[in-house]
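Chain by chain, the residues:
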Amino acid sequence: MMERVRIVEVGPRDGLQNEKQVVPAATKLALIERLAVAGLRDIEVTSFVSPKWVPQMADQAEVMRGLRRHPGVNYPVLTPNLKGFEAALAEGATEVAVFASASESFSQKNINCSIAESIDRFVPVFEAASRASVKVRGYVSCVVACPYEGPTAPAKVADVALRLRELGCYEVSLGDTIGAGTPGSVLRMLEAVAARVSVEHLAGHYHDTYGMAVANVHASYRFGLRAFDSSVAGLGGCPYAKGATGNVATEDLIYLLHGIGAETGVDLEALVDCGAWISSAIGRPSQSRVARALLARRAAAEEKQSC
Ligand code: HMG
Ligand code: MG
């Protein structure tokens, strides 16, 4: 039997949150629509955070109102506190994500509070989400290293992941925020976390700064993870982790997973078109090696045909 892997597409949120030029809500909505048509079933669409902190996500209400919701597709959003949760709920969110860090310095820079304070802020979010039957996912950032503190102790990641699970997250996504991990450091981290939270409740969220994200996904898959976050065309970077690049490109992730016999439900060719479209819309080259290779192959085939 083929193994099924769940992909959480974070391009419209993680991918675009750091973009300096204004990306119109209409472009974001067209991207989300193309991702759904390509077969993505979990698409993180925006963040209900302060527009002063992340101006690119200031159009969250417009994005939510413009969604053409496909049956069977989830459209989660980030909510750092109750204010964000209430705003998201008012716009029809059915799934939210809270985000904590395994590093104190990153927590302060990213959400202006300590790790413990961030957990306190999440408690009312979980209570309100439970009342509204809204699913909550959790993120832990800096699971391998922090841009301000250096390497992160795996036990610290396990503590925060367990706390998020205990509060009610159906899944905890482990963020290598600065993409510094290798299969060695990622597996050491996963061993510590999986001793406290079972692998079926874990997801890998690997940024690709050092080009290790595909290797880290493969190592995590072999370890037992069956959920991964990725960003079409490898869009993105975190505003509070300078120099860090986007997530593993969804095209590269799908090519890897299909290549090792896993099933994702994603149409790679349609996804490549989607990646080429958004790269051109925002004027950035795609970071996906797989997309570049497949587009070059297509161009060569077309040239041959026209001869
Ligand atoms: P704060 O300043 O500490 O909050 O910010 P506060 O409660 O003191 O409120 C200050 C002002 O913010 C007030 O407005 C509030 O109303 C407003 P004012 O009176 O000054 O006009 N405010 C809000 N506005 C909109 N939405 C809200 C909200 N809450 C308060 N939800 C806060 C705390 C968390 C809001 C702020 O630090 C923030 O917005 N940070 C942005 C964090 C962020 O989006 N980071 C990027 C996403 S995380 C990430 O990328 C990592 C991840 O991908 C995993 C990985 O790769 O590691 C998930
Ligand atoms: Mg991220």
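The structure under discussion appears in the preceding block.
Keep in mind it's a predicted model, so treat the numbers as computed, not measured.

Caption draft 1: Main features of the layout of surface pockets. In this structure, the largest pocket encloses a volume near 570 Å³. Looking at the largest pocket, it is lined by 33 residues, and the ones nearest its centre are V49, P80, F99, N110 and I111. Tallied by class, residues from the lining of the largest pocket come to 16 nonpolar, 13 polar and four charged.

Caption draft 2: A look at the sheet that holds strand β10 (residues 171-176). The strand order β3-β2-β12-β11-β10-β7-β6-β5-β4 describes an open sheet built from nine strands, whose pairing is parallel. The open sheet has two free edges, formed respectively by β3 (42-43) and β4 (46-47), since each of these has just one partner strand. Looking at chain direction, strand β7 (residues 135-141) and β10 are connected through four bridges and run parallel. Bridge pairing links V140 to L174 in β10. The sheet contacts of helix α6 (residues 115-131) involve β6 (95-101) and β7, and relative to β6 the element is tilted by about 165°. On the sheet, helix α7 (residues 154-167) packs against β6, β7 and β10 and is oriented at approximately 170° with respect to β7.

Caption draft 3: Layout of the pattern of salt bridges. For the coordinates displayed, the defined rule picks out 16 salt bridges. Between R65 and E91 there is a salt bridge whose closest N-O contact spans 2.6 Å. Taken as a pair, R65 in helix α3 (residues 60-66) and E91 in the loop between α4 (82-90) and β6 lie far apart in primary sequence, 26 residues in all. Through salt bridges with shared partners, one network takes in R6, D42, R137, E171 and D229.

Caption draft 4: Spotlight on the packing of helix α2 (residues 25-37) against helix α11 (residues 268-282). Axis separation between α2 and α11 bottoms out at 9 Å; the angle between their running directions is 170°. Here α2 is positioned roughly antiparallel relative to α11, judged by the angle of their axes. Counting all contacts with α2, which are made through T27, A30, L31, R34 and L35, the residues of α11 involved are L271, C274, W277, I278 and A281. Of the residues that constitute the contact of α2 with α11, the class distribution is eight nonpolar, one polar and one charged.

Caption draft 5: Representation of the side chain of T27 within the structure. Checked against the element boundaries, T27 lands in helix α2. Assessed through its relative accessible area of 17%, T27 is described here as buried. Every residue in contact with T27, bar those within four places of it in the chain, is listed here: W277, I278 and A281.

Caption draft 6: Structural context of the site of ligand 1. In the vicinity of ligand 1, 26 residues are found, and the nearest of them are N81, N110, N112, S141 and T177. Between a nitrogen atom of ligand 1 and a side-chain N or O atom of N81, the distance comes to 2.9 Å. Contact distances for ligand 1 include 2.8 Å between a nitrogen atom and a side-chain N or O atom of N110. Assessed atom by atom at 2 Å from the grid points, ligand 1 resides in the largest pocket. Of all the secondary structure elements, the ones that give two or more residues to the shell around ligand 1 are α1 (11-15), α4, α5 (104-111) and β7. When its residues are assigned to classes, the shell around ligand 1 shows 10 nonpolar, 11 polar and five charged.

Caption draft 7: Focus on the coordination of the magnesium ion (ligand 2). Looking at the magnesium ion (ligand 2), one finds its protein donor set to be D14 (OD), H205 (NE2) and H207 (NE2), positioned 2.1 to 2.3 Å from the metal centre. Between the donor residues of the magnesium ion (ligand 2), the gaps in sequence give the motif D-x190-H-x1-H. Linking D14 in helix α1 with H207 in the loop between β11 (202-206) and α9 (213-223), this pair joins segments that are 193 residues apart in sequence.

Caption draft 8: Looking closely at the packing of aromatic side chains. With the rule as written, the count across this model stands at zero aromatic pairs. Across from the ring centre of Y148, 5.2 Å away, lies the NZ or CZ of K109, which sits over that ring.

Caption draft 9: α7, seen in detail. With 14 residues, α7 extends 20 Å from end C-alpha to end C-alpha; this agrees with the ideal 20 Å at 1.5 Å per step. Every buried residue of α7 is accounted for by V157, A158, V160, A161, L162, L164 and L167. The elements touched by buried residues of α7 are β6, α6, β7, β10 and α8 (183-194).

Caption draft 10: The packing of α9 against helix α10 (residues 250-259), seen in detail. Closest axis-to-axis distance for the α9/α10 pair is 10 Å, and the angle between their directions is 40°. With respect to α10, the element α9 is oriented oblique. Considering only the axes of α9 and α10, their crossing is right-handed. Counted together, V214, V217, H218 and Y221 of α9 and D252, L253, L256 and L257 of α10 form the full contact between these two elements. Classifying every residue of the contact of α9 with α10 by side-chain character gives six nonpolar, one polar and one charged.

About the thresholds
Residues numbered from 1 in each chain as written. Chains lettered and ligands numbered in written order. Predicted model: local features only at pLDDT ≥ 70, side-chain atom pairs only at ≥ 80, totals over all residues. Heavy atoms only, no water. 1 Å grid on protein atoms, 1.4 Å probe; cavity = no way out; pocket = protein on both sides within 12 Å on 5 of 7 lines; lining within 4 Å. Points joined across faces, edges and corners; volume = space filled by probe spheres on them. Nonpolar A, V, L, I, M, F, W, Y, C, P; charged D, E, K, R; others polar. Pairing = 2+ DSSP bridges. Helix = DSSP H or I, 4+ residues; strand = E, 2+ residues; numbered from the N terminus. Contact = heavy atoms within 4.5 Å. Axes fitted to C-alpha atoms, helices over the stretch in contact; angles between N-to-C directions. Salt bridge = Lys/Arg side-chain N within 4 Å of Asp/Glu carboxyl O. Parallel < 35°, antiparallel > 145°, perpendicular 65-115°, else oblique. Buried < 20%, exposed > 50% of the residue type's maximum accessible area, 1.4 Å probe, protein only. Near = heavy atom within 4 Å. Polar contact = N/O pair within 3.5 Å; in protein donor to acceptor, adjacent residues only side chain to side chain. Sits in = over half its atoms within 2 Å of the grid points. Donors = N, O, S within 2.8 Å, 3.2 Å for Na, K, Ca; no water. Phe/Tyr/Trp six-rings, centres within 6.5 Å; stacked < 30°, edge-to-face > 60°. Lys NZ or Arg CZ within 6 Å of the ring centre and 35° of its normal. Expected span 1.5 Å × (residues − 1). Left-handed = near helix turned anticlockwise from the far one by under 90°.

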